[in-house]
Amino acid sequence: MQSWTQLYRSLATRSHNLPCKLHGASALSVRTYADKAAIDADVTVVGSGPGGYVAAIKAAQLGFKTVCVEKNATLGGTCLNVGCIPSKALLNNSYFYHMAHGKDLESRGIEITGLTLNLEKMMAQKSGAVKALTGGIAHLFKQNKVTHVNGYGRVSGKNQVTAVTEDGSEQVINTKNILIATGSEVTPFPGIQIDEETIVSSTGALSLKKVPDEMIVIGAGVIGVELGSVWQRLGSKVTAVEFLGHVGGLGIDMEMSKSFQRILQKQGLKFKLGTKVMGATRRPDGKIDVAVEAAAGGKNETLTCDVLLVCIGRRPFTQNLGLDSVGIELDNRGRIPVNNRFQTKVPSIYAIGDVVAGPMLAHKAEDEGIICVEGMAGGAVHIDYNCVPSVIYTHPEVAWVGKTEEQLKEEGVPYRVGKFPFAANSRAKTNADTDGLVKILGHKETDRLLGAHIVGTGAGEMINEAALAMEYGASCEDIARVCHAHPTVSEAFREANLAASFGKAINF
């Protein structure tokens, strides 16, 4: 059986420009030399990640005959298999271990002796969650009558997709519409070869066989601080090296980033900010030397670790998809240009998620998938990217939606700031979990909510109230006058809006 790499190479050299008269009308069969009878469809989705599988289900629910092509053995894409889902399992369970192993539970009167870490069992729980959720998508496909085709999907005509399996056999799908939802892949670091054992990407970091004594993380963005937190809690000494001068990646409010960094450092994570990695070499004893220097230039320094985690971002998975065969060109970042209905320059071919412009977020891809197929059915197509929230699932969590203070200053928008610390929130106090704050940005003249930023436990849940408020154009006063249950941590969100609107909170 040939490898996927070999298959990609063969796909790149094959010609699938078959005669086709499907544009705009019903899907008609064309002559092919494939190994299986051709399938006719209304919508064919290439990729079954959060954007792809959701789009496929929605298309089927709207009455389209729908096919979803996926190259991997399981559905769900990066997010469910080696991204969002397994990382959250490890983040949750490592936090429990951290509480038990440290002084947190002891301070609450819960004293444990003989505590041990069974990493294999922790990984098994993670894998069980992944298996259940990926299997759940297969069930949803069956329930909604979505046809699942396993194979590497490639556009072979303006109205045709050819899926090639690992053994080289082909399945041709003749389709009225094609939706590219192939997601993204790990961005490689030039000169550093990943083996997923001691030099790992996020994929390998989710499946380490033992806790490394020392770990270096290249990148202190969302993925870096999340996975760094997991292994730091489990006992590793973790240092994150970041080219930028702050943690949390792009889009985070600088005040919140500084607060977040202080909390992580208090937990034991170390950071080298404004620092670039020059290279990495493996020593005879198996350890890895990482050469770094100041981003602005300066003296070289060598750091040593047992495991090197490379997470400098992700890039669109858009190579070898056959797009060039229909005249679709990528932009300078490898993305597929689309209009406001997610159509490419070929009207029957659409694209969503990580392969198009915008934040690489699963929930952004889901929303795009839904409105894209609704547009195919004649519906309105609209998404406000300013109302797409971002979350970092550390402890405490960090979440934000809308504008940062830096963006408002740059745009010259007059604004007011309202803040409320969780140290003044009764529920956070009773939980003995008071790190962080809520920061609200409201328009100085209209009081409209412009941005919400939260560092604290449950921030990822709370931010959705802000997203809802922003979608409906709410003012800070509107939120402040909504009754919030007591005692809850979300009262801090109300109090911060009160401070932004009226100038002063009640309980701080």
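One can find the structure itself at the top, above this paragraph.
First things first, this report covers the structure right here in the doc. (Residues numbered from 1 in each chain as written. Predicted model: local features only at pLDDT ≥ 70, side-chain atom pairs only at ≥ 80, totals over all residues. Heavy atoms only, no water.)

## Thoughts on the pairing of strand 10 (residues 237-242)
Put simply, side chains in a regular strand alternate between the two faces of the sheet.
Point 1. Counting buried positions along strand 10 yields 5 of 6 residues, so the element is predominantly enclosed.
Point 2. Inspection of the sheet shows strand 9 (residues 214-218) paired to strand 10 by 5 bridges, in the parallel sense. Considered in strand 10, the bridge of I218 is made with V241.
Point 3. When strand 10 meets strand 11 (residues 270-273), the two strands line up parallel, connected through 4 bridges. The residue bridging A240 from the neighbouring strand is F271, located in strand 11.
Point 4. Handedness of the crossover is the feature at issue here: the chain leaves strand 10, passes through helix 9 (residues 254-267), returns alongside strand 11, and the resulting connection is right-handed. (Buried < 20%, exposed > 50% of the residue type's maximum accessible area, 1.4 Å probe, protein only. Helix = DSSP H or I, 4+ residues; strand = E, 2+ residues; numbered from the N terminus. Pairing = 2+ DSSP bridges. Right-handed = clockwise from strand over helix to strand, strands pointing away.)

## Points about the nonpolar core
Point 1. M215, W231, F271 and L309 are the most contacted members of the largest nonpolar core, which totals 36 residues.
Point 2. If you list the elements that add at least two residues to this core, you get helix 4 (84-101), helix 6 (119-143), strand 9, helix 8 (222-233), strand 10, helix 9, strand 15 (307-310) and strand 19 (397-402).
Point 3. When near neighbours in sequence (up to four residues on either side) are disregarded, F271 contacts A220, V225, A240, V247, Q261, L264 and Q265. (Core = buried A, V, L, I, M, F, W, Y, C linked by side-chain atoms within 4.5 Å. Contact = heavy atoms within 4.5 Å.)

## Examining the sheet that holds strand 12 (residues 275-282)
Point 1. Strand order across the open sheet formed by 3 strands is 12-13-14, with antiparallel pairing between neighbours. On the outer flanks of this sheet lie strand 12 and strand 14 (301-305), each paired with one strand and no other. Strand-to-strand twist of the sheet, defined as the mean angle between neighbouring strand axes without regard to direction, takes the value 30 degrees.
Point 2. Pairing of strand 12 with strand 13 (residues 288-294), which is carried by 7 bridges, proceeds in the antiparallel orientation. Bridge pairing in strand 13 links V277 to V292. (Axes fitted to C-alpha atoms, helices over the stretch in contact; angles between N-to-C directions.)

## A few points about the side chain of S348
Point 1. Position of S348 among the secondary structure elements: in the loop between strand 16 (314-316) and strand 17 (349-351).
Point 2. Among the polar contacts made by the side chain of S348, one reaches the main-chain carbonyl oxygen of K158 at a distance of 2.7 Å. (Polar contact = N/O pair within 3.5 Å; in protein donor to acceptor, adjacent residues only side chain to side chain.)

## Some remarks on the packing of helix 2 (residues 50-61) against helix 6
Point 1. Direction vectors running N to C along helix 2 and helix 6 enclose 20 degrees, while the axes themselves pass 10 Å from each other. Comparing the axis directions of helix 2 and helix 6 gives the class roughly parallel. Of the two elements, helix 2 crosses helix 6, and the hand of that crossing is left-handed. Across from Y53, A56 and I57 in helix 2, the residues of helix 6 making contact are I137, L140 and F141.
Point 2. Grouping the constituent residues of the contact of helix 2 with helix 6 by class yields 6 nonpolar, no polar and no charged. (Parallel < 35°, antiparallel > 145°, perpendicular 65-115°, else oblique. Left-handed = near helix turned anticlockwise from the far one by under 90°. Nonpolar A, V, L, I, M, F, W, Y, C, P; charged D, E, K, R; others polar.)

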